[in-house]
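Analysis of the macromolecular model
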Amino acid sequence: MSAATVLAPRRATRPRVPVALAAGTAIVAAWVVVALFWPHLAPYDPELQDPLHRFAAPGAGHWLGTDQFGRDTFSRMLAGARPVLLVAPPATALAVVAGTLVGLVAGSRGGLADEIVMRVLDALVVFPAIIAAVLFVALAGRSVTVLVLVIAGSFVPIVARSVRAATLVERERSYVEAARLRGEPSWSLMVREIFPNVVTTVLVEATSRFGDAIFAAATLSFLGLGQPPGSPDWGASVSDNRLWLQLAPWTVLAPALAIASLVVGVALAADSLRGRWEAS
Amino acid sequence: MPAPSERTTFALSPSGRLGGELSRRLFLGGAGGAALAGLLAACAGEGGTSGTVQAPVAATPTAPKRGGTLRAGSPPPPTAVDPLTMYDGSAIAIVQLVADYLIWLDRDFKLVPRLAEKWAAEEGGKKWAFTLRQGVTFSDGTPLDAETVKASFDRLLDPDGKSAALSAFDTVLAKGGVSVRDATTVVFTLERAFSDFPYLVSAGNYNTLILKKDYKGGFTEKPIGTGPFLLESYDPSAGATFTRNPKYWEPGRPYLDGVEIKFYADDQADLLALQSGEIDVQILSRASLTGPLKGLADITVDQVAGTGLTAFTLRVDKPPFDDGQVRQAIAYALDRPGVNATVYDGVGALGNDHLLASLFPAAPKDIAQRAKDPAKVAALLGGRKLSFTLTYDPPSKDYALTIQNQLKQVGIEVVLDQRTSAEFYGGDQAKDTPWLFTDANLVGWAGRAVPSQFIIPMVKSGGVWNGSKYANPALDAAAKAYDAATGDAERKAQAEIIAKALNEDAPVIITVWSGTVRAYNGRRFTGIAAHPASYVDFTSVSQL
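Just so it is clear, the structure is predicted and the values come from calculations on it, not from any experiment.

Quick notes on the rules
Residues numbered from 1 in each chain as written. Chains lettered and ligands numbered in written order. Predicted model: local features only at pLDDT ≥ 70, side-chain atom pairs only at ≥ 80, totals over all residues. Helix = DSSP H or I, 4+ residues; strand = E, 2+ residues; numbered from the N terminus. Rg over C-alpha atoms; globule rule 2.2 N^0.38 Å. Contact = placed C-beta atoms within 7 Å. Pairing = 2+ DSSP bridges. Axes fitted to C-alpha atoms, helices over the stretch in contact; angles between N-to-C directions. UniProt positions renumbered as here; feature names shortened; annotations may be inferred. Domains from an automatic or database assignment. Nonpolar A, V, L, I, M, F, W, Y, C, P; charged D, E, K, R; others polar. Core = buried A, V, L, I, M, F, W, Y, C linked by C-beta atoms within 7 Å. Buried ≥ 20, exposed ≤ 12 C-beta atoms within 10 Å, placed from the backbone. pLDDT = per-residue confidence, 0-100.

Secondary structure assignment for chain A yields eleven helices and zero strands. Secondary structure of chain A in N-to-C order comes out as α-α-α-α-α-α-α-α-α-α-α. The C-alpha atoms of chain A give 24 Å as radius of gyration, which overshoots the globular expectation for 280 residues (19 Å, by more than 25%). In terms of principal-axis extent, the alpha carbons of chain A reach across some 80 × 75 × 30 Å. Taking the intrachain contacts of chain A between residues at least 6 apart in sequence as the baseline, contacts between residues at least 24 apart amount to 71%.

The structure is reproduced here in structure tokens:
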């Protein structure tokens, strides 16, 4: 091998997309597609009962078997994606926006206002989210809006604390001090100086909370606080079928694996993105 | 019948049975009453659904083997184990092992003498005299006498007490109606003639156990009875142990040395315990969960028909159900075998929208079984678009989902309105409680020993649990005549009037009469059987 060959410049290559990011994004994207188009993808009406084929094992007729009502498990698994994805993304967005606002304001202003806000948030964090959810749903009734508010409400303190911590660090940096000496008003310090430097924290929180929101939505449904009875919602399906785990394990495994796959997909993508953001 | 408000939230329900899914805890239930749930089984020979799904491997020995301890699984009782107030299957089972009734209600719906050897009606059925078995003593040596029996029923009839049996006796027997004729004869003076009265003082009314005169509660601390076993220990979180009662009145019984009941809070754990051999029998088996047991060589699943039901009640005094054709359309839209398969795992018997189950001896035989008929539905509705809200509580969820799906197939839209049990049975019982005042609802009723216990409260004009607000003078008269009738022909004639009226008017749609199962280890024990109310009688159980 000649020296020329060794020293020849390497051909430029495109940046490689991490496998984890690609896999995670693909999983999430697949479920989004399913949530949007399940009526065209499901082989059966997910609500259609067939008393003659209850607890049918997975096979050619029903790929993932049937449940106690003779409903097609595969079709219900596909249809169950929509309820979760109708709740988790808006709940996450609402929590991140509200939490960021609270954390940014509290961290930037400091003083008594910060103390009051943070003690309130501490109290909210300590209060069991599930109990709060049960109370809220009992008072407000079951609906997608209520679920979104319940989940978002439970995440706001978490996001706010993270953003506030990052804000406190940034607030002491010299560039903020310089801006302050320049006479920039406090809202400008917060929005123009500090926020761009805590955005990584916000993004990290957003990705983390998205996975949590999926799980929270499934948990609330499992507890009977989510979708109406009969819904193919994954959490509700696990709850409804757990009694028959021994007789028809597919009725539980299908929705459980669906939840797991979506959460794992989000986690893979989030971890990868988080690494990139923090590195940048 | 008194307002069903004597106890807990669930006790407000006419059923302890939690809807389509039999609650293992409350399934006997109900404030309602007479509870008993029922009868049964009309016997396989008559085309009933009684029977053993899987025969025991070993044949019954000619001479029962003595000794051994039977280990049973059951959910922990949700409330105190007190014969006077109990309403759940576990508590009832515990008490039935220790105490006894005047009369036992067998799985074939026969009255079997226990502490009462015989009984007879007097004054045309307005008085009933019960002759007690002689030589019976309580486990502490106290002899059984008529005063003791009177004291037991006085407690049950005390309107100021906490008796769960009050509603069963309503309009039939009131406080002060029990007297002692002599040391072995108790007389019940009724408020009206009631030919089925013995059922009300039998196990069919499960609170009517005979206890000592001075019983004031605390049964598990001082468990004294005349039953086949002695309660040795009781732990609300773990279980109970029993030993053979040497003073038991039936010679040679029981065969077992003892019984151990283990509590499992979860259905699956109970089932797995049976499969693994940790227990030998389930007290409260669920038909829908016994599927995994089929094919296992040492497990036998016995099943028996019953008279429990889920009442699909329609308000006949409000649109759209004030139109009889609309009610009939719904009745003809339902696939009853489908409901039976889906909700009752096929163990039930088809209903025909009247309250005379085929297991009741007076049940009419000539009313055609109603079946799904989409063409008739269309004709009855005449092109009208029907949509309504169906209210129910969680135990009836499977039933609600099933009929929602079935009605959807004929173009009838049902909006499900699931409430908590507390909410469903709560509210003002005279004005707005959902289970009595919503347009359409589902109410689980525990089995009853006699049809009057359904008819009087549920469909008689002004009945205390008449959620449909149905009023039919002809039916009222027939119901009264039925209770007073002393001859079979007259009873059947009145029963036919009642059944035809309900079938035609359809204020309450009854698709299935539920049944029960009991799973046990057929290799180790014999003599175990299902009971329509899941009662336990282990006096004939023996080891193989």
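What follows covers the sheet that holds strand 5 (residues 116–122) of chain B. Residue and element names in this part refer to chain B. A sheet is described by the order of its strands in space; here four strands give the open sequence 5-6-8-7, paired in antiparallel fashion. The open sheet has two edge strands with one neighbour each: strand 5 and strand 7 (178–182). For this sheet, the mean inter-axis angle between neighbouring strands, taken without regard to orientation, is 25°. Alignment of strand 7 against strand 8 (residues 185–189), held across four bridges, turns out to be antiparallel. What sits directly across from Asp182, in strand 8, is Thr185. Contacting strand 6 (127–132), strand 7 and strand 8, helix 2 (residues 146–157) runs over the sheet at an angle of about 175° to strand 7.

Our next topic: the UniProt feature "domain: ABC transmembrane type-1" (unreviewed entry) in chain A. Sites flagged by UniProt as "domain: ABC transmembrane type-1" (unreviewed entry) map to residues 81–270 of chain A. Secondary structure content for residues 81–270 of chain A is 84% helix and 0% strand, while the C-alpha to C-alpha distance between its ends is 20 Å.

Residue and element names in this part refer to chain B. You can read the domains of chain B as domain 1 (39–226 + 519–543) and domain 2 (305–515). Using only C-alpha atoms to locate each centre, domain 1 and domain 2 end up separated by 29 Å. With 21 residues of domain 1 at the contact, the number on the domain 2 side is 18 residues. Here the residues of the side of domain 1 that touches domain 2 are counted per class, giving twelve nonpolar, seven polar and two charged.

Ranked by internal contacts, the top residues of the largest apolar core, which has 226 residues, are A:Ile151, A:Ile214, A:Ala217, B:Val95 and B:Ile498. Viewed by domain, this core spans two of them, domain 1 (39–226 + 519–543) and domain 2 (305–515) of chain B, each represented by three or more residues.

Moving on, we get to unusual backbone geometry. Peptide bonds are trans in most cases, and residues, glycine excluded, mostly fall at negative phi. With omega at -10°, the peptide bond leading from B:Arg253 into B:Pro254 counts as cis. The residue B:Pro254 is located in the loop between strand 10 (239–244) and strand 11 (258–263) in this model. Residue B:Pro320 is reached from B:Pro319 by a cis peptide bond, and omega for that bond is 0°. You can see B:Pro320 is positioned in the loop between strand 13 (299–314) and helix 6 (324–333). Backbone geometry at A:Phe55 places phi at a positive 55°, although glycine is not the residue there. With respect to the helices, strands and loops of the structure, A:Phe55 is situated in the loop between helix 2 (19–41) and helix 3 (73–79). Positive phi, normally seen in glycine, also occurs at B:Thr171, with a value near 70°. Here B:Thr171 is to be found in the loop between helix 3 (166–169) and strand 7.

Turning next to the UniProt feature "transmembrane region" (unreviewed entry) in chain A. All names here are of chain A. When the UniProt feature table is mapped to this numbering, "transmembrane region" (unreviewed entry) covers residues 19–38, 84–108, 120–140, 146–163 and 247–270. Within residues 120–140, the helical portion is 90% and the strand portion 0%, while the C-alpha atoms at the span's ends are 23 Å from each other. End-to-end, the C-alpha atoms of residues 247–270 are 37 Å apart, and along that stretch the chain is 88% helix and 0% strand.

Let us look at the confidence of the model for chain B. Residues and elements named next belong to chain B. Looking at chain B as a whole, the pLDDT averages 87, with 88% of positions reaching at least 70. Counting interchain partners and residues more than four positions distant, the pLDDT-below-50 stretch residues 1–50 has 220 contacts. Contacts for the low-pLDDT stretch residues 53–60, under 50 throughout, to residues beyond four places or in other chains number 17 contacts. Interface confidence for the predicted complex, given as ipTM, is 0.78, next to a pTM of 0.80.

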